[in-house]
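Report on the structure
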Amino acid sequence: MATTMRTMREILARGPVMPILTIADASVAGDLARALVAGGVSTFEVVLRTQGALDALKAMVAAAPEASIGVGTLLTAADVSRAQDAGAAFGVSPGLTRDLAQAVRSCGLPFIPGVATASEIMQAREFGFREMKLFPANVSGGVAWLQAMGPVFPDVVFCPTGGIKPADIPAFLAEPNCTTVGGSWVVPKDKLAAKDWAGIEKLARQAAAFARA
Ligand code: 3PG
């Protein structure tokens, strides 16, 4: 289990970039977690898009207990229980349903629902969420979307993800309602397949060095 219980806002505050990890082979997960932490990254998300995702999470929590490691692509209430049982420090979803919101609220797992419109923000706020994932950020309006939503929802902060490359990140982080940017580029498939931990540590260092507004 995660050693420290943090709120979602505190977890997002731990770093400007949150790596999004698709891990098929859980046997590499411990080394991957150590490489990310060695590069200065202490918050990352393992997506529930592979068979091995939850075994990977367990191995990462064991290898890097100081990190906040979440599970993404939670689509159902059952996914929430599985993630929490496996030791997730937080959960992420590309969207939000009533069942999902109730499951998260009843188990107390820190959570960011995905939103892409004003109505979706309003629904997520009704369930009590104030931290949200803007998804898919690149096709939903990106920085201009954050600028448009900021004055309307001054109490909400966003973690944009989806198609964001390193060159785009400073413009996102310059927005006061953008706390953290998510992306898969920190752990490229080829580097993971090659177990290039030094290369991944270098990218993690680059991710951790981005400055917030
Ligand atoms: C997400 O879940 O937000 C995406 O998988 C992020 O991946 P990308 O950085 O490759 O768009």
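Remember, it's a predicted structure, so these values are computed and weren't measured experimentally.

1. Section: the packing of aromatic side chains
For the structure shown, the criterion picks out three aromatic pairs. Look at Phe 111 and Phe 129: their rings are 5.5 Å apart centre to centre, the planes differ by 55°, and that puts the pair in the tilted class. Taken together, the residues span a long stretch of sequence, with Phe 111 in strand β5 (residues 111–112) and Phe 129 in the loop between α6 (118–126) and β7 (131–134) at a distance of 18 residues. By the burial criterion, Phe 111 is buried, and Phe 129 matches it.

2. Structural notes on the sheet that holds β7
With respect to topology, three strands assemble into an open sheet ordered β6-β7-β8, the strand pairing being parallel. Two strands in the sheet have a free side with no partner beyond their single neighbour: β6 (114–115) and β8 (157–160). Looking at chain direction, β6 and β7 are connected through two bridges and run parallel. Counterpart to Gly 114 in the pairing with β7 is Lys 133. Against the sheet, helix α8 (residues 142–149) contacts β6, β7 and β8, and its axis sits at roughly 170° relative to β8.

3. Structural notes on the site of the ligand
Taken together, the residues surrounding the ligand are Ile 20, Arg 49, Lys 133, Phe 135, Thr 161, Gly 162, Gly 163, Gly 183 and Ser 184. Take Lys 133: an N or O atom from its side chain is 3.0 Å from an oxygen atom of the ligand. Look at the ligand: alone it shows 320 Å² of surface, and the protein chains cover 82% of it. For the shell around the ligand, the per-class residue count stands at two nonpolar, five polar and two charged.

4. Observations regarding the packing of helix α4 (residues 77–85) against helix α5 (residues 98–107)
The contact between α4 and α5 brings their axes to 8 Å, and the two run at 30°. Regarding the angle of α4 to α5, the classification is roughly parallel. Of the two elements, α4 crosses α5, and the hand of that crossing is right-handed. Where α4 abuts α5, its residues Ala 77, Val 80 and Gln 84 lie against Asp 99, Leu 100, Ala 103, Val 104 and Cys 107. The residue makeup of the contact of α4 with α5, split by class, is six nonpolar, one polar and one charged.

5. Here's the deal with unusual backbone geometry
Geometrically, the link from Phe 135 to Pro 136 is a cis peptide bond, its omega value of -10° lying close to zero. Mapped onto the fold, Pro 136 is located in the loop between β7 and α7 (137–140). A positive phi is found at Thr 73, a non-glycine position, where the angle reads about 60°. For Thr 73, the location among the structural elements is in the loop between β3 (68–72) and α4. Given the relative accessible area of 15%, Thr 73 is considered buried. In this structure, Lys 195 is a non-glycine residue whose phi angle is positive, near 50°.

6. What to know about the pairing of β3
Judged by how many residues are buried, β3 sits mostly within the fold: five of five residues are covered. On β3, burial covers both faces: Ser 68, Gly 70 and Gly 72 on one face and Ile 69 and Val 71 on the other are all buried. Between strand β2 (residues 43–47) and its parallel partner β3, the chain crosses via helix α3 (residues 53–63), and the hand of that crossover is right-handed. Where β3 meets strand β4 (residues 90–92), two bridges bridge the pair, whose relative direction is parallel. Bridge pairing in β4 places Val 71 opposite Gly 91. Chirality of the crossover, the property in question, places the unit of β3, α4 and β4 among those that are right-handed.

What counts and what doesn't
- Residues numbered from 1 in each chain as written.
- Predicted model: local features only at pLDDT ≥ 70, side-chain atom pairs only at ≥ 80, totals over all residues.
- Heavy atoms only, no water.
- Phe/Tyr/Trp six-rings, centres within 6.5 Å; stacked < 30°, edge-to-face > 60°.
- Helix = DSSP H or I, 4+ residues; strand = E, 2+ residues; numbered from the N terminus.
- Buried < 20%, exposed > 50% of the residue type's maximum accessible area, 1.4 Å probe, protein only.
- Pairing = 2+ DSSP bridges.
- Contact = heavy atoms within 4.5 Å.
- Axes fitted to C-alpha atoms, helices over the stretch in contact; angles between N-to-C directions.
- Near = heavy atom within 4 Å.
- Polar contact = N/O pair within 3.5 Å; in protein donor to acceptor, adjacent residues only side chain to side chain.
- Areas by Shrake-Rupley, 256 points an atom, 1.4 Å probe, with all protein chains shown as cover.
- Nonpolar A, V, L, I, M, F, W, Y, C, P; charged D, E, K, R; others polar.
- Parallel < 35°, antiparallel > 145°, perpendicular 65-115°, else oblique.
- Left-handed = near helix turned anticlockwise from the far one by under 90°.
- Right-handed = clockwise from strand over helix to strand, strands pointing away.

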